[in-house]
Amino acid sequence: MKVTVIGSGTMGNGIAHTFAQFANQVSLVDISEEALEKGLEMIRKNLNRQLKKGTITEAEKTAILSRINTFTDLQAAVAEAELVIEAATENPQIKLDLFKKLDAICSGSTVLASNTSSISITLLASATKRPDKVIGMHFMNPVPLMKLVEVIRGKATSDATTQMVMKTAITLDKTPVVVNDAPGFVANRILMPMINEAVYALYERVAGVEEIDTVMKLGMAHPMGPLQLADYIGLDICLAILKVMEEGLNNPKYSPCPLLTTMIQDGHKGIKTGIGFYDYTGSGNQAVIASRFRE
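Conventions adopted
Residues numbered from 1 in each chain as written. Predicted model: local features only at pLDDT ≥ 70, side-chain atom pairs only at ≥ 80, totals over all residues. Heavy atoms only, no water. UniProt positions renumbered as here; feature names shortened; annotations may be inferred. Helix = DSSP H or I, 4+ residues; strand = E, 2+ residues; numbered from the N terminus. Phe/Tyr/Trp six-rings, centres within 6.5 Å; stacked < 30°, edge-to-face > 60°. Core = buried A, V, L, I, M, F, W, Y, C linked by side-chain atoms within 4.5 Å. Buried < 20%, exposed > 50% of the residue type's maximum accessible area, 1.4 Å probe, protein only. Contact = heavy atoms within 4.5 Å. Pairing = 2+ DSSP bridges. Axes fitted to C-alpha atoms, helices over the stretch in contact; angles between N-to-C directions.

> Could you give me a rundown of the UniProt feature "domain: 3-hydroxyacyl-CoA dehydrogenase C-terminal" (unreviewed entry) in the chain, with the residues and numbers involved?
When the UniProt feature table is mapped onto this chain, "domain: 3-hydroxyacyl-CoA dehydrogenase C-terminal" (unreviewed entry) is found at residues 184-280. End C-alpha atoms of residues 184-280 are separated by 28 Å, and the span's content is 62% helix alongside 2% strand.

As C-alpha cells, this is what we get:
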C-alpha cells in the first residue's frame, strides 16, 4: 500500500515507521527539512533498539528505511497515496484547513484518516466532499510497540472505509477497535480525566509526584503512573484534549487543572521540552522528580 503520513513528530514518525516495517511505501511530509530529519532520526533510533533486541535484522532495518521518502511539498507527497494519515498539531482549525486541501489534491479514491486524539471526525469530514472516506485512525504512543488502534467513524463514514482501515490495521499487527465519534472517543474520554485528577491531587498537596504515580502503579497495576504518562504524551496535548472534551461535552468535570495550564505557560511540556512533572535533562535521560515538586 502507498501511504502518506502528514507530520513527522512523535506520532507521525511512529506511524511512518510502523507502515514501512510492514512493507508499505511511505511518504512522510512536514513543513521543513529540519523537522523531517528529526523525524527520521527518531525512526533510526527506534529501529536500532529493535536491532539490539533482535526483533529485526540489519537488512530489515535498511529495507524499512528505504521505504520511507520525505517531502515538504504536500501535493507531491499525496500524488499516489491510497491512504493519507494526518498527524498534525492537535488544533481543530489546522486540521480543518488541511483536510480541505487534501480533499482538493488527493485522488477521489483516497481515504483520509486523522490520528487526532479527540477532535470530531465528523467535523473534519465537513471540510471535504468525501465524508464517506474520512475516518479516525488513532494510534497509541509509542506506535511501533502499542497494539491498539482506535478506528473512529464519523457520521458519514462508510462501511467500506471502516473495513479498509480495520484490515489495514490488522496487517500492521495491531488490534483495531471501532468507536463512534464523540469528544475524546474512548481512550482519552477515560484516560484524560484520570490524568487531570492526578494533577489536581498534586496541586492540592494530597501527595507528591512519586507517591501519586506509585499508588497507581502498585495499587492499580498501571505500567506507568499518570503524571509520568502525561509527560510522555505531552502536557500541551493533555491540555488540548481536556479543552476539547470540556467544550464538546459541555461539562465542567473535564476542566483542566490550573497547574497543568501554568506548567505549559512556563514551557514545561514533559519529555519534549525536557521537564514536566519529571526532569529528563540529566545524563542518560533518566527521569527524576522535577525540582519544582521537591519539598
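> A description of the packing of aromatic side chains should follow, citing residues and the corresponding values.
How two aromatic rings sit relative to each other is given by the distance of their centres and the angle of their planes. The full count for this structure, using the stated rule, is 5 aromatic pairs. Taken together, a centroid distance of 6.4 Å and an interplanar angle of 85° make the contact between Y232 and Y280 edge-to-face. Here the residue Y232 occupies a position in helix α10 (residues 226-233), and Y280 occupies one in the loop between β9 (278-279) and β10 (288-289), the gap between them amounting to 48 residues. Site record: aromatic cluster; members linked through ring pairs are Y232, Y278 and Y280.

> Which residues make up the nonpolar core, and what are the values?
I15, F19, I85, M137 and F139 are the most contacted members of the largest nonpolar core, which totals 31 residues. Top contributing element to this core by residue count: helix α1 (residues 10-21), with 5 residues. Not counting residues up to four positions away in its chain, the partners in contact with F19 are V3, N24, V26, L83, I85, M137, F139, T168 and L172. Within the second largest apolar cluster, 28 residues are counted, among which are L235, C238, I241 and L242.

> Describe the sheet that holds strand β8 (residues 175-180), with residues and values.
Here 8 strands make up an open sheet; going across it, the order is β3-β2-β1-β4-β5-β6-β7-β8 and the pairing mixed. Two strands in the sheet have a free side with no partner beyond their single neighbour: β3 (68-71) and β8. This sheet shows a mean twist of 25° between the axes of neighbouring strands, independent of strand direction. Contacts from helix α2 (residues 33-53) reach β2 (25-29) and β3, with the element oriented near 160° to β3.

> Hey, could you go over unusual backbone geometry for me, with residue numbers and the actual values?
In this model, N141 is joined to P142 through a cis peptide bond whose omega is 0°. Structurally, P142 can be placed in the loop between β6 (134-139) and β7 (148-153). For A23, which is not glycine, the phi dihedral falls at a positive 70°. Looking at where A23 falls in the secondary structure, it is placed in the loop between α1 and β2.

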